[in-house]
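# Summary of structural features
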Amino acid sequence: MSDNSIEPPPWLNAPPVDPYPYEETYDLRRGPDLHPALLGLLPYVGLWRGRGRGGFPTIEDFDYAQEIRITHDGRPFLRYESRAWILDEQSRPVRPAGREVGWWRAVLDPEGRGTDELEVTLTTPTGVTELYLGKVTGTRVELVTDAVLRTSTAKEVTAGHRLFGIVEGALLYAQDMAAVGHPLSPHLSARLIRVGG
């Protein structure tokens, strides 16, 4: 046998592993403790559902419903997942609409403590990834794009601005977008109620 023989890696024939062993939750009453750097975002952790209105200079206005899930696993970031669906005049579902997933990351100081700054990454299935820089002020979160990446077939999106707030227990937000040759323009706004967490 040659001295150049390659041994198979130890994981090649290893048995299957158990399911992922660490809990991720939107319910602060169970699972891991929220990382101290995220205490300013504690009101956002949860499962939210509600309605909104959308539009843009290139499309007609539309009504939509939305579900946002904001979870944590004890580390200094939140997982953000949103899915929406178009509603007709009688509030009946018409078709699926926008989806996005991403991470809200606390910016830590040199001692590892949380600051009021955020780094947020959001990705859509339509080929757009946005990097936002943000600030937490009380129960308000403001995000402004630092960079937008898109695939060659994605719609041209060049910038974004998002404002979130917890108002009387509800999650409200407004989103502006610059796209397809138009400057930052109102795009989405909604009010969602906590249904879990």
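Let me begin by describing the structure that accompanies this report. The model shown is predicted, which means the values in this text are computed figures rather than measured ones.

Let us now look at the overall build of the chain. Along the backbone of the chain there are zero helices and ten strands. Written out in order from the N terminus, the α and β elements of the chain read β-β-β-β-β-β-β-β-β-β. Counting only C-alpha atoms and orienting by the principal axes, one finds that the chain spans roughly 75 × 40 × 40 Å. Burial statistics for the chain: of 197 residues in total, 39% are counted as buried. Per element, the accessible surface of the chain, about 12,000 Å² overall, is 55% carbon and sulfur. The positive charge centre, built from 21 side chains, and the negative charge centre, built from 27, are 7 Å apart in the chain.

Position of Thr124 among the secondary structure elements: in the loop between β5 (114–123) and β6 (128–137). Here Thr124 is in contact with Arg99 and Glu100, once residues within four sequence places are set aside.

Attention shifts here to the pairing of strand β4 (residues 93–108). Across ten bridges, the pairing between strand β3 (residues 77–87) and β4 is antiparallel. If you follow Arg79 over to β4, its bridge partner there is Trp103. Counted along the chain from β3 to the antiparallel partner β4, the turn is five residues long, and its residue Ser91 has a positive phi close to 65°. Summarising the sheet, β4 and β5 pair through seven bridges and their orientation is antiparallel. Its bridge partner lying in β5, Val101 is registered against Thr123. Where β4 folds back onto β5 in an antiparallel hairpin, the turn is made up of five residues, including Gly112, whose phi is positive at roughly 90°.

So, on to the packing of aromatic side chains. Tallying each qualifying case throughout the model produces seven aromatic pairs. Ring geometry for Phe77 versus Trp103: centroids 5.4 Å apart, planes at 90°, classification edge-to-face. With a gap of 26 residues between them, Phe77 in strand β3 and Trp103 in strand β4 connect regions that are remote in the sequence. A ring pair is formed by Phe164 and Tyr173, whose centres lie 5.8 Å apart and whose planes are at 35°; its orientation type is tilted.

With that out of the way, let us pick up the sheet that holds strand β7 (residues 140–150). Taken in spatial order, the ten strands line up as β1-β2-β3-β4-β5-β6-β7-β8-β9-β10 and close into a barrel, and their pairing is antiparallel. The mean inter-strand angle of the sheet, taken between neighbouring strand axes irrespective of direction, is 25°. Examined bridge by bridge, strand β2 (residues 59–71) and β3 share nine bridges and lie antiparallel to one another. When the bridges of β3 are listed, Glu67 appears paired with Arg83.

Okay, the pattern of salt bridges next. Charged atoms that come close allow side chains of opposite charge to pair. Here the structure, examined in full by the defined rule, presents 19 salt bridges. One continuous salt-bridge network, built from bridges that share partners, spans Glu24, Arg79, Glu81 and Arg99.

This paragraph deals with the nonpolar core. Among the nonpolar cores identified, the biggest contains 31 residues, and Leu41, Tyr44, Trp104, Val141 and Phe164 are the most heavily contacted of them. For Trp104, the residues in contact, after removing those within four places along its chain, are Leu41, Tyr44, Pro76, Phe77, Leu78, Tyr80, Leu118, Glu119, Val120, Val141 and Phe164.

Let's shift gears to the environment of Arg30. Tracing the backbone through its elements, the reader meets Arg30 in the segment before β1 (46–56). Overall, the relative accessible area of 47% leaves Arg30 in the partly exposed class.

What counts and how
Residues numbered from 1 in each chain as written. Predicted model: local features only at pLDDT ≥ 70, side-chain atom pairs only at ≥ 80, totals over all residues. Heavy atoms only, no water. Helix = DSSP H or I, 4+ residues; strand = E, 2+ residues; numbered from the N terminus. Buried < 20%, exposed > 50% of the residue type's maximum accessible area, 1.4 Å probe, protein only. Areas by Shrake-Rupley, 256 points an atom, 1.4 Å probe, with all protein chains shown as cover. Lys, Arg positive; Asp, Glu negative; His and termini not counted. Charge placed at Lys NZ, Arg CZ, Asp CG, Glu CD. Contact = heavy atoms within 4.5 Å. Pairing = 2+ DSSP bridges. Phe/Tyr/Trp six-rings, centres within 6.5 Å; stacked < 30°, edge-to-face > 60°. Axes fitted to C-alpha atoms, helices over the stretch in contact; angles between N-to-C directions. Salt bridge = Lys/Arg side-chain N within 4 Å of Asp/Glu carboxyl O. Core = buried A, V, L, I, M, F, W, Y, C linked by side-chain atoms within 4.5 Å.

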